[in-house]
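# Structural features, examined
If you want the building blocks of each chain, they are given just below.
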Amino acid sequence: MPTVWAMKPEDATATRFPGNTTGISQALGYVASGGEVFFPPGTYTLTYQTAPSGAGTYAAILANGLSNVRLVGAGASTILTAATPGSGSVSAIVLFNSCVDCSVENMQIQGQHTDEANGVTIGVRLSGACARNITRGVMFSGTTASNGLNICYDILDDVTPQDLGYHTVDGCVVLRA
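Throughout, a residue's number is its position along its own chain's written sequence, starting from 1. Confidence filtering applies because this is a predicted model: local features only for residues at pLDDT of at least 70, side-chain atom pairs given and counted only at 80 or more, and all residues used for totals across whole chains, interfaces and linings. Water and hydrogen atoms play no part in the side-chain values, which are based on all heavy atoms of the structure.

### A look at the overall build of the protein chain
By definition, any uninterrupted DSSP run of H or I lasting at least four residues is a helix, any uninterrupted run of E lasting at least two residues is a strand, and each is numbered from the N terminus. The helix and strand inventory of the protein chain stands at two helices and 15 strands. Each residue is placed in one exposure class: buried if its accessible area under a 1.4 Å probe, protein chains only, is under 20% of its type's maximum, exposed if it is over 50%, and partly exposed if it falls in between. Residue burial in the protein chain is summarised as follows: out of 177 residues, 47% are buried. Residue contacts are counted whenever heavy atoms from the two residues lie within 4.5 Å of one another. Summarising the internal contacts of the protein chain: among those between residues at least 6 apart in sequence, 77% fall at separations of at least 24. Note on areas: Shrake-Rupley with a 1.4 Å probe; residue coverage comes only from the protein chains shown. For the protein chain, the exposed area adds up to about 7,500 Å²; of that, 52% sits on carbon and sulfur atoms.

Listed below in C-alpha cells is the structure:
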C-alpha cells in the first residue's frame, strides 16, 4: 500500500500516514489549518465515505472545513481512484466542503462508473462556503469507453457568489478511453 506524507509549515520533517481512506483523512486532520499532503507515485484505491448533507452521496477524499491545504501528487504516476462507485449515487473522488485556499495538484483522478444510469462520478467537487480553491495540473481519466468520470470539476449550487471568491482550474487534461 502506498503512503502519503503530511507537513505543516512549522514542521522540520514530514509525517507519514497510510495511503488509504483512513490514513488520508488523518493526514488532512493533521494539516487542517495549513500544510501539504503529498501523494508519492502509486495508485490510491480509496473507499467512499458518506458526504455531508447536500454535497452528494459519497466522497473518497473528504476535505471538510480546511484552509491553506494542498493535496499534491507526483504527476500522472499518482492515481486517485475509488474501489467501487456507489450504484445510482453521486460520488466525488475529492470533495472540498467549506474549504478556503486549498488545492489539488499534479496527479491523475480516475473514475470507475460506466454510465450515468449507475451513478455519477465527479473528479473534484466544491460544496458549501468554499473560496479561492485551485485545481492545477490534474489529469482526469476513466477506465471505460464512457470515461468513468461523468463530471471532472463541479461547483454545487450551494456555493453562493459571495462564498465563491475565485476558483482556478489550470493546466488540466481530460482523457477518454
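### Describing the pairing of strand 3 (residues 35–39)
Side chains of strand 3 alternate between two faces, with G35, V37 and F39 buried and E36 and F38 left unburied. Any two strands between which DSSP finds at least two bridges are classified as paired. Both strand 1 (residues 3–7) and strand 3 contribute to a ladder of three bridges, which runs antiparallel. Across the sheet, the residue bridging to W5 is F38, located in strand 3. By the bridge criterion, five bridges tie strand 3 to strand 7 (residues 69–73) in an arrangement that is parallel.

### Looking at the pattern of salt bridges
Salt bridges, as used here, are contacts in which a Lys or Arg side-chain nitrogen is within 4 Å of a carboxyl oxygen on Asp or Glu. Applying the stated criterion to the full structure yields four salt bridges. One salt bridge connects R70 with E105, and the closest N-O pair in it is separated by 3.0 Å. Placement of the pair is R70 in strand 7 and E105 in strand 10 (residues 103–111), with a sequence separation of 35 residues. In this structure R70 comes out as partly exposed when scored by relative accessible area, which is 34%.

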